[in-house]
Amino acid sequence: MANRERVRSTHALILRRRDVYDADRLLTVLTPREGKLELLARGVRKTTSQKAGHLELFTHAALVIAQGRTWDVVGEVQTVESFRHLRQNLEAIAAASYLCELLASFTGAGEDAQATWDLALPVLRLLDEAAAAPVLPPALLAWFTLRLLGVAGFQPQFFHCLGCGQPLEPTVNYLVLSEGGVLCTRCGVQRSDGEPLDVDTLKVLRFLQSRPWGAVAPVTVRPPVLRRVEQLLHRYVILVLERQLRSTLFLRRLATVQDAAMRDLPVDEKRDENAHS
């Protein structure tokens, strides 16, 4: 972006923010045309600031940006979508935090990110709508993770054997995360680094990877299978990024609390909950 305009406008998703100086904030945002940007919002922590409410986490905002020395500076700002329901639901906040951390991790600065933008906005809208329900779609984050991996160039191979290239059969195959895919039974038994991958988990991974959300949404995935899918994807993301994601710890703690609450429910209430899961 050496030849970027001195003043320009863009839409942006607020992914992260941290306090700097006396009253400023440094924002990490996703934009469709310039990818990930670090922007300085001057004076936004003052009680008199009129920008603060437009620069909350997860907000879709329209910005006017001025070129600065160290960081470009937010000038005018207007909220496009606030996702207010999302902010009132702890599970939705955890999910949005995970989404934003992935976006910040897999998007570079100064790159065309239109495909990432087109993926992220509808998912935030789904989270906002579901937060008002208030039941979040169980498979949404796994579906989003697989789609983002594909957009970022790290799509794992779940349809053909990494070794011989043949279509994978509906039997126990072998996962090799370090190579981003699966080996067939014949190739897998010859490797010491492959781990058995059951038929149900592979089936769900392939379904999530290959179908639009409209086809995925009405399908019920058994919780144990979905947990295996989420754990596998979490491990793959860590391998690609070479670091842990802070937001997944938040999600895990929340899931632990929810599981504990379910165990404390009276028997009849548990039966009702399971009937809807």
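Since we're looking at a predicted model, the values are computed, not measured. Here the residue numbers are simple positions, counted from 1 along each chain's written sequence. Owing to the predicted nature of the model, reporting of local features is limited to residues with pLDDT of at least 70; listing and counting of side-chain atom pairs is limited to 80 or more, with chain, interface and lining totals taken over all residues. With hydrogens and water stripped out, all remaining heavy atoms of the structure feed into the side-chain values.

Caption draft 1: Quick look at the sheet that holds strand β7 (residues 181–183). Taken in spatial order, the three strands line up as β7-β6-β8 in an open sheet, and their pairing is antiparallel. Edge strands, defined here as strands with exactly one partner in the open sheet, are β7 and β8 (195–197). Taken pair by pair, the neighbouring strands of this sheet meet at an average axis angle of 50 degrees, ignoring direction. Strand pairing is defined by DSSP finding a minimum of two bridges between the two strands. In DSSP terms, a helix is any run of H or I states spanning at least four residues, a strand is any run of E spanning at least two, and both are numbered starting from the N terminus. Two strands pair when backbone bridges link them, and strand β6 (residues 173–176) and β8 are joined in this way by three bridges, in the antiparallel orientation. Across the sheet, the residue bridging to Tyr174 is Pro196, located in β8. For every element, the axis is a line fit to its C-alpha atoms; helices are fit only across the contacting stretch, and the angle between N-to-C directions ranges from 0 to 180 degrees.

Caption draft 2: Examining helix α2 (residues 114–131) more closely. The terminal C-alpha atoms of α2 lie 26 Å apart, and with 18 residues this matches the ideal 26 Å at 1.5 Å per residue to within 8%. For every residue, the accessible area obtained with a 1.4 Å probe (protein chains only) is divided by the maximum for its type, and the residue is called buried under 20%, exposed over 50%, and partly exposed between those limits. Along α2, the residues that are buried comprise Thr116, Trp117, Leu119, Ala120, Leu121, Val123, Leu124, Leu127, Asp128, Ala130 and Ala131. The contact definition used throughout considers only heavy atoms, calling two residues in contact when any of these lie within 4.5 Å. Buried-residue contacts for α2 involve β1 (7–20), β2 (24–31), β4 (60–66), β5 (72–81), α1 (90–106) and α3 (140–152). The span one expects for a helix is its residue count, reduced by one, times 1.5 Å.

Caption draft 3: Representation of the nonpolar core. Nonpolar cores were defined as sets of buried Ala, Val, Leu, Ile, Met, Phe, Trp, Tyr and Cys residues, with membership established by side-chain atoms within 4.5 Å. Grouped together as the largest cluster of nonpolar side chains are 64 residues, with contacts concentrated most on Leu13, Leu127, Trp143, Phe144 and Leu208. At 10 residues, the largest contribution of residues to this core is made by α1. The residues contacting Phe144, other than those within four sequence positions of it, are Leu99, Leu102, Leu103, Leu119, Ala120 and Val123. In terms of nonpolar packing, the next biggest core, distinct from the first, is built from 15 residues, Val29, Val44, Ile65 and Val77 among them.

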